[in-house]
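Next come the chains, spelled out residue by residue.
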Amino acid sequence: MNIRCLSKPFLFLTFALLIGSSISSFAQEASKSPKDVQYGALYIGKRHDPDMNQWRQMRFGEFLHFGLYSILGGSWQGKHYNGAAEWIKAWAHIPDSAYFSLIHQFNPVDFDADAWAAMAKKMGAKYVRITTKHHEGFCLWPSKYTDFDIASSPYKKDLLGELIDACNKAGLKVSLYYSILDWHHPDWRSSIKSESDSVAYTKYKKYVKNQLTELLERYPSIIGMWFDGTWDKSWKNDGEFSYKLEKYLKKIHPGLIVNARLRADEYGARHFDSNGHLMGDYEDGFERKLPSASDTAVLGYDWEGIMTIPENQWGYNKIWNGHVKTADEMIELMTQAVSMGGNFLVNFGPKPDGSFRMEEQYMAKAIGAWMKVNGRAIYGCDHAYGWEKQNWGYYTSDTVNHKIYMVVFNTPISGLLKVKSPKGQHINRCYALSNPMKYLQVENIGKQEFYIHLIKQEHAQPYVIVLDIKQDQKKKREQNYHQPAKT
Ligand code: H79
């Protein structure tokens, strides 16, 4: 808009409004004085140590849910339950004695640690996370603190240890899932209503600390702990304990990466403390959902999205109801996560014998095939600062190699992909990752605006167009300010 076209009263009103709004936002800021939080975030901002940098660069992983619920596969006494299979004890109101007796049937004879690791590796995952103890309380490792563990099942062996070794051998990192909520432990409480509850829960917390110490000592190669089942009053009203626990775990296992869900502060605030600072090392609220492209707050912290293949099944359910995601959908969700600066995990629920259902095997293969060609647009990539999202898909950026990746999911009928580049960044060359020798025509259609001319009929799957970028020196410095240094 040409400012000379505006009348004087209009200009006055505009300036008055601008000044007024900045004063009111200043007043708002001033009134938001920080709360005195003793058990909040351990630090402010993103971690930039080598362990966290490595975690951020891996970007893609595999989640595994395996436990006694896997035996039932969503069915109890002839009735099938469509709710999440790992929650069947709750859905079917299975009495404790009947449910906990499942331990005598736990015998995944076809479990092959190397095959599990190979499947994750082939899918393109860089890290694997497995449930060591879900809400049911059954422990997938031989624990000296309970008999409700794999050592007391017919299987007897240390499945967890074998898997960790196999993964590490295959070059995969491992992070462990641990549920605070525990339906089996006699001292677990959802809320503290009496002195005896308090005594019991104190014992339970000791059990948790002992088991976590045990896990970290037995499996020193693990990179992270992922906590779940922390929404009960008993836990969220004890911010001091989870604060001290996070500190303790990081002390005995330097570099450990912990999700936000572990924590509450002394005011009961979860994930973010009462001053709005993220607790733990990354936000994990993106369970079966992702932030939208307009949710720029997520760019300010690390986060991870976790996704089920069917609608909401983590453990093995024989019958998948509702929509089952295709590999292309999953690839789109993964790309969306990376384009917003997040990591992404796909969940698998192995069968009770330790094998994987066909749908999961197919998913792993299909993602793997795509990653082989296009993985460069995922690994080590981040949000593409300044590149305005377009309807064809998502941008990711690799600032080290000066590349912008356009991951295309919706090809326009015209065969023209619109690009608006930020000021100071110039497109040197443009090509499809699947055909890097063939440069695509880049038509300049306006200031910082271009059409990429696709070669028609070339793509039947989501594909990546690479923009080799040359940056003005000044802009380069500005952008480095936003981007963590790569190791
Ligand atoms: O392990 C998978 C799920 O079983 C577990 N997290 C993933 C990774 C999970 N359990 N519950 N939830 C996720 C969602 C939480 C649901 C809750 Fe509730 C709503 C908790 C409290 C209110 C359902 C209703 C459970 C208790 C009441």
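Note that the structure is a prediction, hence the values are computed from the model and not measured.

S.K.: Can you lay out the packing of helix α8 (residues 195–218) against helix α10 (residues 239–252) for me, pointing to particular residues and giving the numbers?
M.R.: Here α8 crosses α10 at 20°, and the two axes come no closer than 11 Å. If you check the angle between α8 and α10, you find them roughly parallel. When you trace α8 past α10, the crossing you get is right-handed. Residue-level inspection shows Lys205, Val208, Lys209, Leu212, Thr213 and Leu216 of α8 in contact with α10, the latter providing Phe241, Leu245, Tyr248, Leu249 and Ile252. Taken together, the residues that form the contact of α8 with α10 break down as 8 nonpolar, 1 polar and 2 charged.

S.K.: Hey, could you go over the domain arrangement of the chain for me, with residue numbers and the actual values?
M.R.: Note: interface size is frequently given as the accessible area lost on complex formation between the parts. Here the domain parsing of the chain yields domain 1 (4–377) and domain 2 (393–482). Taken over C-alpha atoms, the centre of domain 1 sits 34 Å from the centre of domain 2. Taken together, the contact pairs 12 residues of domain 1 with 11 residues of domain 2. Along the contact surface separating domain 1 from domain 2 lie 0 salt bridges. Sort the elements by how many residues they give to the side of domain 1 that touches domain 2 and helix α11 (residues 327–339) lands first, with 7 residues. When grouped by side-chain class, the residues that make up the side of domain 1 that touches domain 2 number 5 nonpolar, 4 polar and 3 charged.

S.K.: Before we move on, can you summarise the sheet that holds strand β5 (residues 173–179) with the specific residues and values?
M.R.: Either a parallel or an antiparallel arrangement is found when strands of a sheet pair, and the pairing is made through backbone hydrogen bonds. The parallel open sheet is built from 8 strands, whose spatial order is β7-β6-β5-β4-β1-β10-β9-β8. Unpaired on one side and paired on the other, β7 (257–258) and β8 (283–287) mark the two borders of the sheet. Where β5 meets strand β6 (residues 224–228), 5 bridges bridge the pair, whose relative direction is parallel. Among the inter-strand pairings, Tyr178 is bridged to a residue of β6, identified as Phe227. Contacts from helix α7 (residues 159–169) reach β1 (60–64), β4 (127–133) and β5, with the element oriented near 150° to β5.

S.K.: Which residues make up the site of the ligand, and what are the values?
M.R.: Taken together, His65, Glu86, Trp87, His134, His135, Tyr177, Asp228, Trp231, Glu287, Ile306 and Trp314 make up the full set of residues adjacent to the ligand. In this structure, His134 approaches the ligand through a side-chain N or O atom, which is 2.7 Å from an oxygen atom. Glu287 places a side-chain nitrogen or oxygen 3.0 Å from a nitrogen atom of the ligand. In the shell around the ligand, the residues fall into 5 nonpolar, 3 polar and 3 charged.

S.K.: Describe the environment of Gln461, with residues and values.
M.R.: Note that Gln461 resides in the loop between β17 (449–453) and β18 (463–471). Relative accessible area serves as the criterion here: at 42%, Gln461 is assigned to the partly exposed category. For Gln461 and Val408, which are 53 residues apart along the polypeptide, the C-alpha to C-alpha distance reads 8.8 Å. Other than its neighbours up to four places away in sequence, Gln461 contacts Asp328 and Trp370.

S.K.: Kindly report on helix α2 (residues 50–58), identifying the contributing residues and their values.
M.R.: Every buried residue of α2 is listed here: Met52, Asn53, Trp55, Arg56 and Met58. Where α2 is buried, its residues touch β1, β4, β5, β7, β9 (303–307) and β10 (343–348). One or two residues past the end of α2 sits Arg59, with phi positive at roughly 65°.

S.K.: I'd like a description of the packing of aromatic side chains, backed by residues and values.
M.R.: According to the stated counting rule, one finds 29 aromatic pairs in the structure shown. Considering the side-chain rings of Trp235 and Phe241, the 5.7 Å spacing of their centres and the 85° angle between planes classify their relative orientation as edge-to-face. The exposure classification of Trp235 matches that of Phe241, with both residues buried. Taken together, the ring pairs in this structure connect Phe66, Tyr99, Phe100, Phe106, Phe111, Trp116, Phe138, Phe148, Phe348 and Phe356 into an aromatic cluster. The ring of Tyr267 is capped by Lys35, whose NZ or CZ atom sits 4.2 Å from the centre of that ring. The ring of Trp320 carries Arg357 above its face, with NZ or CZ at 3.8 Å from the centroid.

S.K.: Residues and numbers for the environment of Gly255, please.
M.R.: Along the chain, Gly255 turns up in the loop between α10 and β7. Its relative accessible area of 23% is what places Gly255 among the partly exposed residues. Remark: the alpha-carbon pair of Gly255 and Gly354, spanning 99 residues in sequence, is separated by 31 Å. Dropping the residues within four chain positions of it, Gly255 is found in contact with Arg47, Asp51 and Ile223.

Definitions and cut-offs
- Residues numbered from 1 in each chain as written.
- Predicted model: local features only at pLDDT ≥ 70, side-chain atom pairs only at ≥ 80, totals over all residues.
- Heavy atoms only, no water.
- Axes fitted to C-alpha atoms, helices over the stretch in contact; angles between N-to-C directions.
- Helix = DSSP H or I, 4+ residues; strand = E, 2+ residues; numbered from the N terminus.
- Parallel < 35°, antiparallel > 145°, perpendicular 65-115°, else oblique.
- Left-handed = near helix turned anticlockwise from the far one by under 90°.
- Contact = heavy atoms within 4.5 Å.
- Nonpolar A, V, L, I, M, F, W, Y, C, P; charged D, E, K, R; others polar.
- Domains from an automatic or database assignment.
- Salt bridge = Lys/Arg side-chain N within 4 Å of Asp/Glu carboxyl O.
- Pairing = 2+ DSSP bridges.
- Near = heavy atom within 4 Å.
- Polar contact = N/O pair within 3.5 Å; in protein donor to acceptor, adjacent residues only side chain to side chain.
- Buried < 20%, exposed > 50% of the residue type's maximum accessible area, 1.4 Å probe, protein only.
- Phe/Tyr/Trp six-rings, centres within 6.5 Å; stacked < 30°, edge-to-face > 60°.
- Lys NZ or Arg CZ within 6 Å of the ring centre and 35° of its normal.

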